[in-house]
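A look at the structure
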Amino acid sequence: MMNEKKLEVKERLERKYEKLFTEVYETPELGSKKTAEIIADLIREKNKNGETCVLGLATGSSPIGVYRELVRMHKEEGLSFKNVITFNLDEYYPMPKEHVQSYWYFMHEHLFDHIDILPENIHIPDGTIPENKVFDFCQDYENAIQEAGGIDLQILGIGRTGHIGFNEPGSGMDSPTRMVTLDSLTIADAAGDFQSEENVPRKAITMGVGTIMTARRIILLAWGEKKAAIIQKAIEGPVLDSVPATYLQKHPDTVIVLDKEAAAELTRFKTPWLVRQVTWNDKLIRKATLWLCDKLNKPILKLTNRDYNDNSLGDLVVKNGPAYDINLKVFNMLQKSITGWPGGKPNADDTQRPERALPYPKRVLVFSPHPDDDMLAMGGTINRLVEQGHEVYVAYQTSGNIAVADDVVIRFLYVAENIAKEHAIDARKVYRAIENKKQGDIDIPEVRQLKTLIREAEARSACHFLNIPDDHIFFLKMPFYETGTIKKASLGQKDVDLMVEAMRKVKPHQIYTAGDLTDPHGTHRKCFNSLVQALEKIKTDNWLNECRIWLYHGTWKEWEIADVDMAVPVSPEELKKKRSAIFRHSSQKEMMFPGSEDVEIWRYAIERNRETAKKYDRFGMAEYEAIELFVEYVLNR
Ligand code: F6R
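Residues numbered from 1 in each chain as written. Predicted model: local features only at pLDDT ≥ 70, side-chain atom pairs only at ≥ 80, totals over all residues. Heavy atoms only, no water.

Attention shifts here to the nonpolar core. The biggest cluster of nonpolar side chains holds 65 residues, and the ones touching the most others in it are Phe367, Met503 and Tyr616. When near neighbours in sequence (up to four residues on either side) are disregarded, Tyr616 contacts Leu334, Ile338, Ile561, Val564, Ala567, Met621, Ile627 and Leu629. By size, the runner-up hydrophobic cluster in this structure holds 35 residues, among which are Tyr67, Met73, Val84 and Val255. (Core = buried A, V, L, I, M, F, W, Y, C linked by side-chain atoms within 4.5 Å. Buried < 20%, exposed > 50% of the residue type's maximum accessible area, 1.4 Å probe, protein only. Contact = heavy atoms within 4.5 Å.)

What follows is the structure, given as structure tokens:
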């Protein structure tokens, strides 16, 4: 990794808001590989000098790629871990070792079982000791670290609360290893792993911030856009005990390793004009102008030369000004992206519209990762497409059966049992299985089958409500999802083939698909990748020349307006209709927005559309009830 001293002046200026040394990689894989190389170099160097190498290790999704690469190096390059001593950051409490969600299990599954580390050199906080022994245990843990010579290199992830280890907001900079209570956002983020929030342990034993700060070197890893906001605070914000990761700013040798998405909120990426000379293109002009509107709380057409000059946008005015010209340009760009005709307006001049007028009607294929993402993200747009005469097909990529609670199954089963035996499900067996189910148990196939059927019935009902007929609805049931647990399998050939088949069946003029890569368990990302791989396979199909691809965002985060290519207004009546379509997914009605205790996902989805409309209003555009947003995905063929 680079060293701060070696940075050119230009680069140092670009990073002037960054108080922690940060490296940004194209992908998590590249960042993980680089980190693994650093660890391996350290192990080898220590080994050469006959010394032990003391590593502080983290669990969670962030370091998995690093561990995978270390295992590969051990197997293929003979990297030995005989001289390595490890101390893990934390463990849930209470937590038996053999529980699939224990950090003990995690570390063995991802690393220790595949390398030649000596078992006696592994240290992980013990989630099984009685509560009255925890204090002594924590002191012993600290002593053991010291006796081993202190931590040479500490690997960290970061929680969305800003926690490092399980040091939640409020932890002191010199806090020791101790028992802590988890933050509600951390519990919500872990809910997926434990099937539901109620199953997540409320407590944990964690190395303290003070303990972490004694490590000689620290590398903190973060991937994906859901970490972008907290990463910005950790790197550019003031040191605050409400964001424990900011304490790292006081550590002498910490490097933050990010992928592009996690780095997106840093000044040099989000508002590059503040830290360097930029080449102004239309996209950047739009971004800067809307940023200025937000900052000054002013509509586009009221921005003045002075506003631009006073806010580090003098260069934009010099090169593209005066303000009047820039304002008009951006206003028109936004105006042209707003359309009530998402499938194109037949018999109208389409030169200034996001979609072509012809062909009309269009065949439209909507991909939905889970059964309900379609309605949550673009129910209003689907409704318009159908009403405007287009042939709309919906393909549900996964069964979504993990997200159906057992009590919902019991309700449906009772009805099914008493009406039809069609699916030949042994009702007694299902009742028994659910009754005897313990936390962490995988559902028996019959229960999963029922959960799948429940989601299919709901998705059908929502589609029917918007006049999409049965033969326009596909359930792909992509196999990568069917593990019975939150952890999904890798994308396989079968998954990609199912996408190819759906597309070839419809030969759509428009594809709508989830383009967000942030959903908590990575399903959206995998579904998007399956589309990319499928498109690669069929890139010579003629119908693709006529096809445009529109990306919507899952509920977790909306597109930035500056990036949007098509904004579809939703009237008050249409918004009610969208809500009713969402409600057809009754098994999902009580799902809470991650990190919130009282906002259901459906409510959030509707409010998000209203919020977007308010933003357009603030920019000085027409005032709508709600708006759904899309970004065009341009195919490289
Ligand atoms: C794990 C740990 C936590 C995680 C953090 C991020 O041992 O201490 O601080 O590093 O919650 O988790 P992921 O990597 O799953 O996003």
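What follows picks up the thread again.
Within the structure, the ligand sits among 13 residues, and Ser62, Asp90, His163, Gly165 and Lys227 are positioned closest to it. Within the backbone of Ser61, one N or O atom sits 2.7 Å away from an oxygen atom of the ligand. In the environment of the ligand, an oxygen atom lies 2.5 Å from a nitrogen or oxygen atom belonging to the side chain of Lys227. Contact with the protein chains removes 87% of the 410 Å² of surface that the ligand exposes when unbound. (Near = heavy atom within 4 Å. Polar contact = N/O pair within 3.5 Å; in protein donor to acceptor, adjacent residues only side chain to side chain. Areas by Shrake-Rupley, 256 points an atom, 1.4 Å probe, with all protein chains shown as cover.)

Partitioning the protein into domains gives domain 1 (2-268), domain 2 (277-333) and domain 3 (363-405 + 445-633). If you average the C-alpha positions of domain 1 and of domain 3, the two centres end up 34 Å apart. (Domains from an automatic or database assignment.)

The strands making up a sheet associate through hydrogen bonds between their backbones, and the pairing can be parallel or antiparallel. Strand order in this open sheet of seven strands is β13-β12-β11-β14-β15-β17-β16, and the pairing throughout is mixed. At either end of the open sheet lies a strand with only one pairing partner, and these are β13 (473-475) and β16 (566-570). Pairs of neighbouring strands in the sheet enclose a mean axial angle of 25°, with direction left out of account. The strands touched by helix α14 (residues 373-387) within the sheet are β11 (363-368), β12 (391-396), β14 (510-514), β15 (548-552), β16 and β17 (626-633), with β17 carrying the most contacts at an inclination of about 95°. Each of β11, β14, β15 and β17 is contacted by helix α19 (residues 523-537), which is oriented at about 145° to β14, the strand it contacts most. (Pairing = 2+ DSSP bridges. Helix = DSSP H or I, 4+ residues; strand = E, 2+ residues; numbered from the N terminus. Axes fitted to C-alpha atoms, helices over the stretch in contact; angles between N-to-C directions.)

You can see Thr206 is positioned in strand β8 (residues 203-206). At 2.9 Å, the side chain of Thr206 forms a polar contact with the backbone nitrogen of Phe166.

Right, let's talk about empty space enclosed by the protein for a bit. Once rolled over the atoms, a probe with the size of a water molecule shows which space is left empty. Counted according to the given criterion, the structure contains one cavity of 30 Å³ or more. Volume-wise, the largest cavity comes out at about 40 Å³. Every element with two or more residues in the lining of the largest cavity is listed here: β2 (53-57) and β3 (84-88). (1 Å grid on protein atoms, 1.4 Å probe; cavity = no way out; pocket = protein on both sides within 12 Å on 5 of 7 lines; lining within 4 Å. Points joined across faces, edges and corners; volume = space filled by probe spheres on them.)

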